[in-house]
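Examination of the molecular architecture
What follows is each chain in one-letter form.
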Amino acid sequence: MLQEQEAHAAEMERTFIAIKPDGVQRGLIAEIISRFERKGFKLVAIKLVVPSKEFAQKHYHDLKERPFFNGLCEFLSSGPVLAMVWEGEGVIKYGRKLIGATDPQKSEPGTIRGDLAVVVGRNIIHGSDGPETAKDEINLWFKPQELVTYTSNAEKWVYGDN
Ligand code: UDP
Ligand code: MG
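A brief look at the structure comes next. (Residues numbered from 1 in each chain as written. Chains lettered and ligands numbered in written order. Predicted model: local features only at pLDDT ≥ 70, side-chain atom pairs only at ≥ 80, totals over all residues. Heavy atoms only, no water.)

**Here's the deal with the overall build of the protein chain**
Looking only at helices and strands, one finds nine helices and four strands in the protein chain. Each helix and strand of the protein chain, ordered N terminal to C terminal, gives the series α-β-α-α-β-α-α-β-α-α-β-α-α. The C-alpha radius of gyration of the protein chain comes to 16 Å, within 12% of the 15 Å expected for a compact globule of 162 residues. Its C-alpha atoms put the protein chain at 50 × 35 × 25 Å along the principal axes. Looking at the protein chain as a whole, 42% of its 162 residues are labelled buried. Roughly 9400 Å² of accessible area belongs to the protein chain as shown, and the carbon and sulfur atoms make up 54% of that amount. One way to put it: in the protein chain the 21 positive side-chain charges average out to a point 5 Å from where the 23 negative ones average out. (Helix = DSSP H or I, 4+ residues; strand = E, 2+ residues; numbered from the N terminus. Rg over C-alpha atoms; globule rule 2.2 N^0.38 Å. Buried < 20%, exposed > 50% of the residue type's maximum accessible area, 1.4 Å probe, protein only. Areas by Shrake-Rupley, 256 points an atom, 1.4 Å probe, with all protein chains shown as cover. Lys, Arg positive; Asp, Glu negative; His and termini not counted. Charge placed at Lys NZ, Arg CZ, Asp CG, Glu CD.)

**Quick notes on the sheet that holds strand E4 (residues 125–127)**
Ordered in space as E2-E3-E1-E4, the four strands form an open sheet in which the pairing is antiparallel. Edge strands, defined here as strands with exactly one partner in the open sheet, are strand E2 (42–49) and E4. For this sheet the average axis-to-axis angle between neighbouring strands, irrespective of direction, equals 20°. Pairing analysis gives eight bridges linking strand E1 (residues 12–19) to strand E3 (residues 81–89), with the strands arranged antiparallel. Bridged to phenylalanine 16 within E3 is valine 85. Against the sheet, helix H8 (residues 131–141) engages E1, E2, E3 and E4, with an angle of about 55° to E1. (Pairing = 2+ DSSP bridges. Axes fitted to C-alpha atoms, helices over the stretch in contact; angles between N-to-C directions. Contact = heavy atoms within 4.5 Å.)

**Examining H8**
Listed as buried for H8 are Thr133, Ala134, Glu137, Ile138 and Trp141. On an axial view of H8, the arc spanned by its buried residues comes to 130°, and they lie on one face. Along H8, exposed side chains directed more than 90 degrees from the buried face belong to Pro131, Glu132 and Asn139. (Arc of directions from axis to C-beta.)

**Examining the packing of aromatic side chains**
Scanning the entire structure with this criterion turns up four aromatic pairs. Arranged with centres 6.4 Å apart and planes meeting at 65°, the rings of phenylalanine 16 and phenylalanine 142 form a pair that is edge-to-face. Taken together, the positions of phenylalanine 16 in strand E1 and phenylalanine 142 in the loop between H8 and helix H9 (155–159) put the pair 126 residues apart, joining distant regions of the chain. Of the two residues examined, phenylalanine 16 and phenylalanine 142, each falls in the buried class. By way of ring pairs, the aromatic residues Phe16, Phe55, Trp141 and Phe142 are connected into one cluster. A cation over an aromatic ring shows up here: lysine 39 above the ring of tyrosine 94, its NZ or CZ 3.8 Å from the ring centre. Positioned above the aromatic ring of tyrosine 150, the side-chain terminus of lysine 42 is 4.8 Å from the ring centre. (Phe/Tyr/Trp six-rings, centres within 6.5 Å; stacked < 30°, edge-to-face > 60°. Lys NZ or Arg CZ within 6 Å of the ring centre and 35° of its normal.)

Printed below as a string of structure tokens:
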């Protein structure tokens, strides 16, 4: 039993998910959280913040050479962003699947962007694209003490215990 729990813990991942100002203003917070929650992922940190433009530039530093970088950073800092950390097996990759393709015109129906957004510049949600960026983004947006470690009652039903 202990070994199984340890193996299970070793497979746990955390990812950074943010509902951008358009998703917050459009009243999509509950809809989006509920998709991650119903899947079986666990919320371990959450806060509503208005990032500064400098902070947005740090968050999107990988894209600083792209033509849309300035507008993107202005937009991200234009209003409240709901910053979250979600935990679960495979949550980084599967979180991206739940979110859908960057351009909502190409996102599949059933995904968050496919169902709820129309254009790439207003695609309502951000999700880390890999283990390294997940770690960096969690550290950028949250202090260690803002991450809550707890056992969810649902865990044994989501993952099984034998
Ligand atoms: N973006 C944009 N125009 C583009 C490509 C991207 O406005 O042609 C924005 C879009 O909001 C996207 C963000 O830049 O979500 C970050 O781009 P990235 O390629 O990292 O996409 P994501 O990881 O968000 O799917
Ligand atoms: Mg990205």
